[in-house]
Every structure is written in structure tokens, then in C-alpha cells.
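Summary of the model geometry
So the chains spell out like this:
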Amino acid sequence: MSEPTARTRALHWGRRALPLVLLCVLPFYLDAFWLRIGLFSLAAAIGAVGLGLLTGTAGQLSLGHAFFLAVGAYGYVWLAGDPGPGLPPALALVLAVLLAGAAGGLFSPVAGRVRGIYLGVATLALVFLGHHVLLTADSVTGGFNGRSVPPLPGFTDSDPQLVLLGVPFGSAERLWYLGLALFALTWFTARGLLRGRPGRALTALRDSETAAAVMGVHVARYRSAAFVVSSMYAGLAGVLLALAFRRVVPDYFALALSVDYLAMIVIGGLGSVAGATAGAVFVTALPLLMTRYADQLPLVTAPGATDGVVGPTEAARYLYGTAIVLVLLYTPDGLRGLTRRLRTRRPPKRPPATATSSREPTPAVRTKEHTP
């Protein structure tokens, strides 16, 4: 009885560890282009998990996610750069995440009182306000041209060369493992939060605030806390994006970025960490891949060319816009729900055949009749 149980547990943990092992060995086989796509996808997944907690689990519509990514990115650049305090980059990274959480905390009283489409419009104002500040605060943000990003020590090509198993590890390979570590931290903290009491309280808030209040859930407090946690995840994603891009500009953190993040959680599945990750990879990698292979795709023109119909970025937006429509029509719970249904449709495994005994079966005991 104990041997099959131990074997089942080993197979279960083996299936869980296999994706992590594959992600760890990818830098030994992929070039810098694919690693950079993966790094952008990891950063987007961190931000998408935060928005999934806020919109998918807590039921609060937010169109201002790009603002908190900008707070994290520019906060790190200013804290670690010059002009700025010139703090150690590792400390600046932590403080930038806390700064994004503080920005979410300042907005949380609004989030605690406004709901639905009104909250979405209020967060939309954050994007326009933040974009105006990024353009006008030249001493901090660098204005329209932005600012270069101070690198983390040990994560640049100018650092001492590192060779593992005959593979040179440059900035792309080193940042890959940094992004993987930050994403693993995001994954386990978010899943722990969802499976614990806070996750159940946020789900109750999404379903019915009245019922949640009757059960003892402090509605305003949990709504505000969800906004703060989501902002911190967005700030961490902003820092990782800044390190990957090596330069931050205001136009990147515009309304289109917030719409992209909404597309990620809708396509992947609302309220699911794995779904938000899948949606982030799809939305982030698609335009980059279409840009690289634009000359091999019909009706798509390479950047700078004029002989095609649409550019790769526009074509990618059309495709994942179509994906959103298909998800809403046929699988409202996204890719995560589709995967779950495909698993349940698998034919059940046959039970293992039991060993037959060589002894003849004992006859059934017959009840003795009553003798009158």
C-alpha cells in the first residue's frame, strides 16, 4: 500500500520539477534572441499574476497597471542612477518594488470605495497622469528620451567572463536566471496567497461583497490590500523590464500596455496563476516572433518596409484580439480552463490486474434452513 503511494508522489513531484529543470537548462542551448523573448515573457508574467489577483480573484477592474510598472521601472532607475541617490542596485530594486506598493496604497482608498467600471475609469486616469509626469519631470525621468538603466553588478557583458560547460554566460544568460528566480518567487507567493485565507476572502468579495461582509470579511481592507499587492507585483515586473530593455522611455508605459495586460489575464484565465503566465507568454512573444519572421508571413511587412498590408505589431494585436473573442465565446475561463477540461476528457486508466491465487475459490456460505 505504501509503495504505490510513494511512487505516485515521486511521479507527481517529478512532473512539477520537470518544467523548472527545462527552464534552467535553456540558456545552454538558446541564443540571445530567444532568451530575451523569454526574459520579456517572465517579466510580463510577473505583472500579469499581479493583475490576475486584482481583477480575476478580487474582481476589481484596473486599467492602470502600466502606471505601476512605470513606478517600479523609473523608481529603480532614479534610486540607482545619477541624478538620483545612487543606491546599490540590489537595494534600489527592493525599494522600487516598495515604492510601487506605496503608490498602490495611496490609491487604495479609491479602490476601497469605487467598484466596477468606475474603478476602471479611475485607474485609467492614473495612466494619463503618469505619462504626463514622465514627460515633464526631466530631472527624474529624462523626459521624452527616457533614461538608461543602471545594470545590476554581475549581470553585464563587461563583467568577468563566465563559462559553464563550454557555454559563455553573458548578460542575457545571467538575466535569464534572475528573471526565473523572481518569477519563481512570484509564483509561490501568489499561489500561497490564493490557497490561504486571503485568497478565500478575495474570492468571496468577487462573488458577493454583502455575503463576504456577513462572513466577517473586512471589505474595504481586503480591496485595498489587493491593490497594494498587485502594485508591488507590477513594480517588480517594471524593474525586470527595465533591466532587460536597458533603457526606459515614457511611451512604453502607455494605455496600450495596460490593455495588453488585460488581454493576458483574459486569454490565460481569470484568477489563475498558471493561466496568467500562459497569457503573458502568448501576448509578449507573439509580436516579437512576428517581427523576426515577418518576411516569411503573408500580408505582414517587415518593420520599415512598405510592401505589406500590416506591420508585425499590428498583426499580433489582431491575432490576440481574435483570441480574446474566441475565449469569451467558447472558453470563458481561458487557456487554463481549456487545459483542465482536456485533462478531464482523457479516458480513465485501467486499474492494474491483480494476481490470481492458485487456490480454488471457497464456496459461498449457505444459510441453514430451520428444521421444524
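My aim in this report is to walk through the structure given alongside it, one point at a time. These numbers were taken from a predicted model, which means no experiment stands behind them.

1. Examining the pattern of salt bridges
With the rule as written, the count across this model stands at one salt bridge. The partner of Asp260 in a salt bridge is Arg317, and the shortest N-O contact between them spans 3.0 Å. A residue pair is termed long-range when its members are at least 10 positions apart, and Asp260 in helix α11 (residues 255-268) and Arg317 in helix α13 (residues 312-330) qualify at 57 residues. By relative accessible area, which is 12% here, Asp260 ends up buried. Using a relative accessible area of 35% as the deciding quantity, one classes Arg317 as partly exposed.

2. Overview of a nonpolar patch on the surface
On the surface, Leu18, Val21, Leu22, Val25, Tyr29, Leu30 and Trp34 cluster together to form a nonpolar patch covering roughly 660 Å² of accessible area. Top element by residues in the nonpolar patch is helix α1 (residues 2-25). It accounts for four residues.

3. Section: the packing of aromatic side chains
Per the counting criterion, the structure on display carries nine aromatic pairs. A centroid spacing of 5.8 Å and a plane angle of 75° characterise the contact between Phe68 and Phe227, whose relative ring orientation is edge-to-face. Separated by 159 residues along the polypeptide, Phe68 in helix α3 (residues 65-80) and Phe227 in helix α10 (residues 219-245) bring together distant segments of the chain. By relative accessible area, which is 2% here, Phe68 ends up buried. Residue classification places Phe227 among the buried positions, given a relative accessible area of 1%. Of the aromatic side chains, those joined through ring pairs into one cluster are Phe40, Tyr74, Phe245, Tyr252 and Phe253.

4. A few points about the layout of surface pockets
Its volume calculated, the second largest pocket comes out at about 470 Å³. Considering the residues around the second largest pocket, the lining is formed by 21 residues, among which Tyr252, Leu257, Asp260, Thr284 and Pro287 are closest to the centre. Elements that contribute at least two residues to the lining of the second largest pocket include exactly α2 (32-57), α10, α11, α12 (273-292) and α13. Counted by class, the lining of the second largest pocket contains 15 nonpolar, three polar and three charged residues.

Basis of the calculations
Within any chain, residue numbers begin from 1 and follow the written order of that chain's sequence. For a predicted model such as this one, the threshold for reporting local features is a pLDDT of at least 70, and the threshold for listing and counting side-chain atom pairs is 80 or more; totals across whole chains, interfaces and linings nevertheless cover every residue. Side-chain metrics rest on all non-hydrogen atoms present in the structure, leaving aside hydrogens and water. Salt bridge, as applied in this entry: a Lys or Arg side-chain nitrogen positioned within 4 Å of an Asp or Glu carboxyl oxygen. Numbering of helices and strands runs from the N terminus; a helix is a DSSP stretch of H or I covering at least four residues, while a strand is a stretch of E covering at least two. Three exposure classes are used, based on accessible area relative to the maximum for each residue type with a 1.4 Å probe and protein chains only: buried under 20%, partly exposed in between, and exposed over 50%. What makes a patch is a set of residues exposed beyond 30% relative accessible area and free of salt bridges, joined within 9 Å when like-charged and within 5 Å when nonpolar (Val, Leu, Ile, Met, Phe, Trp, Tyr). Accessible surface is estimated by sampling points in the Shrake-Rupley manner with a 1.4 Å probe; for residues, cover comes only from the protein chains shown. Any two rings among Phe, Tyr and Trp, with Trp reduced to its six-membered ring, count as a pair given centres within 6.5 Å; such a pair is stacked if its planes are under 30 degrees apart, edge-to-face if over 60, and tilted if neither. Cavity and pocket criteria rest on a 1 Å grid covering protein atoms alone: a 1.4 Å probe that fits but cannot get out defines a cavity, protein on both sides within 12 Å along at least 5 of 7 lines defines an open pocket, and an atom within 4 Å of a point defines a lining residue. Grid points are joined across faces, edges and corners, and a volume is the space filled by probe spheres set on the points. Residues were grouped as follows: Ala, Val, Leu, Ile, Met, Phe, Trp, Tyr, Cys and Pro as nonpolar; Asp, Glu, Lys and Arg as charged; and all remaining residues, including Gly, as polar.

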